[in-house]
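Chain and residue survey
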Amino acid sequence: MTRFAAFAPLLRALTGRRYAARTGARRVQGFALGSEWGELLVQLGLPDTAFQDVAARGSLHPHFHYRHFTKPKKDGGWREIVEPDTKFKRIQHEIIARYFTAEQPHPAAVAYRKKKSIANHVWPHADAELIITADVADYFPATSAARIEEWWRARTDGDLARLLTVLTTYRGGLPQGAPTSPGLSNFVNWELDERLTRRAVASGARYTRYCDDMVFSWVRGMGPPSDFENGVRATLREFGYILHPKKGWQVHQRRDEPEITGVILTRHGRVRLPDRLRRTMRALRYSDDPRDVWRLAGYLGYQAMIRKRPRR
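Counted residue by residue, helix 8 (residues 158-168) has eight buried out of eleven residues, so it is predominantly covered. Along helix 8, the positions that sit buried rather than exposed are Leu160, Ala161, Leu163, Leu164, Thr165, Val166, Leu167 and Thr168. On its buried face, helix 8 is in contact with helix 3 (50-57), strand 1 (66-72), helix 4 (86-99), helix 7 (145-153) and helix 9 (180-188). N-capping of helix 8 is provided by Asp157, with a side-chain oxygen placed 3.3 Å from the backbone N of Asp159.

Formed by 56 residues in total, the largest nonpolar core has its most connected members in Phe64, Ile91, Ile95, Trp152, Leu167, Met214 and Phe216. Once you skip the residues sitting within four places of it in the chain, Ile95 turns out to touch Trp37, Phe100, Trp152, Leu164, Leu167, Thr168 and Thr180.

Looking now at the side chain of His121. Mapped onto the elements, His121 comes out in helix 5 (residues 118-122). A relative accessible area of 0% places His121 in the buried class. If we ignore the near neighbours within four places in the chain, the residues touching His121 are Val110, Thr208, Arg209, Tyr210, Asp213, Val215, Ile260 and Thr261.

We now examine unusual backbone geometry. Here the bond from His61 into Pro62 is cis, since omega is 5°, no more than 30 degrees from zero. Phi is positive for Cys211, close to 60°, though the residue is something other than glycine. With respect to the helices and strands, Cys211 occurs in the loop between strand 4 (205-210) and strand 5 (213-218). Unlike most non-glycine residues, Glu257 shows phi in positive territory, near 50°. On the secondary structure map, Glu257 appears in the loop between strand 6 (249-253) and strand 7 (259-260).

Before going further, it helps to spend a moment on the pattern of salt bridges. Scanning all chains against the criterion turns up 21 salt bridges. Ionic pairing is found between Glu94 and Arg90, a salt bridge with its closest N-O pair at 3.2 Å. Residue Glu94 and its partner Arg90 are located together in helix 4, separated by four residues, close to a single helical turn. Residue classification places Glu94 among the buried positions, given a relative accessible area of 16%.

Moving on to the environment of Gly262. Considering the arrangement of structural elements, one finds Gly262 in the loop between strand 7 and strand 8 (263-265). For Gly262, a relative accessible area of 10% corresponds to the buried category. Here the alpha-carbon distance between Gly262 and Leu277, two residues 15 residues apart in the chain, equals 9.4 Å.

Another point: the packing of helix 12 (residues 275-285) against helix 13 (residues 291-307). As a packed pair, helix 12 and helix 13 sit with axes 9 Å apart at the nearest point and diverge in direction by 145°. Crossing geometry of helix 12 relative to helix 13 is assigned as left-handed. When helix 12 is examined against helix 13, the residues Leu277, Thr280, Met281, Leu284 and Arg285 are found in contact with a partner set consisting of Asp292, Arg295, Leu296, Tyr299, Leu300 and Gln303. Of the residues belonging to the contact of helix 12 with helix 13, the class tally is six nonpolar, two polar and three charged.

The rules behind the values
- Residues numbered from 1 in each chain as written.
- Predicted model: local features only at pLDDT ≥ 70, side-chain atom pairs only at ≥ 80, totals over all residues.
- Heavy atoms only, no water.
- Buried < 20%, exposed > 50% of the residue type's maximum accessible area, 1.4 Å probe, protein only.
- Helix = DSSP H or I, 4+ residues; strand = E, 2+ residues; numbered from the N terminus.
- Contact = heavy atoms within 4.5 Å.
- Polar contact = N/O pair within 3.5 Å; in protein donor to acceptor, adjacent residues only side chain to side chain.
- Core = buried A, V, L, I, M, F, W, Y, C linked by side-chain atoms within 4.5 Å.
- Salt bridge = Lys/Arg side-chain N within 4 Å of Asp/Glu carboxyl O.
- Axes fitted to C-alpha atoms, helices over the stretch in contact; angles between N-to-C directions.
- Left-handed = near helix turned anticlockwise from the far one by under 90°.
- Nonpolar A, V, L, I, M, F, W, Y, C, P; charged D, E, K, R; others polar.

Right under this line is the structure:
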């Protein structure tokens, strides 16, 4: 149980025969969580049996809900967002506070980490001659609930692991929009990132991943072996992923000044914003709308962040 041993007392109260008979579900041991969680449930206006109900039914209904909406993608498509309701989001933030602080993603995974940013993703490739970008399709939904449960089971007992899986997954994968999903997607992919790092290093490449965007790069006079793409695709399949059918695998020369995660790698080995953002900033400078002062300040801060090479 290691660092999760402190939570074992939270699971010792039995669900009870009357509860199982009332719900028609099989009897589930140990989901009446203790005083700290109980107090939180009361604060949120939820019944103190909420976690018992979730555990017994294997379902969030009727206590927790997600809302579905879409956001436009840069490429013209639509991204489905699945956001937990206010009370459920508070529960998920509590899970983050209790369980995530001791966990570390692989060094190659730089998204969703304190003191890390897109700059940590792009600068390692700034002086490369050959750059390959690889985009994973449906990254969060494709991170399966089975893998998430396996991760939880390695850290706590089986009953609590199952409950935490139900509270952090949705429709068989990670919900894109839940605060727990970014961290979990990094944690469960430690071995994937390690495998891809070893493959990259063996070919003389560097590798970083920012969420679903992977980058491999080679310095002057080098390049990937002939089977490199097939090897990466095969490794991804082992973990349940495939590359995006249109933009999943793109090869760039340095002179192409490729765009990586919304940032341009210049032919001079530097990093800059794409032209469309620079045009937006120029328009904001001459805008009469006082709110655009703050918008411009945000763009300028972002520009300053990505222009500076991060310390290793």
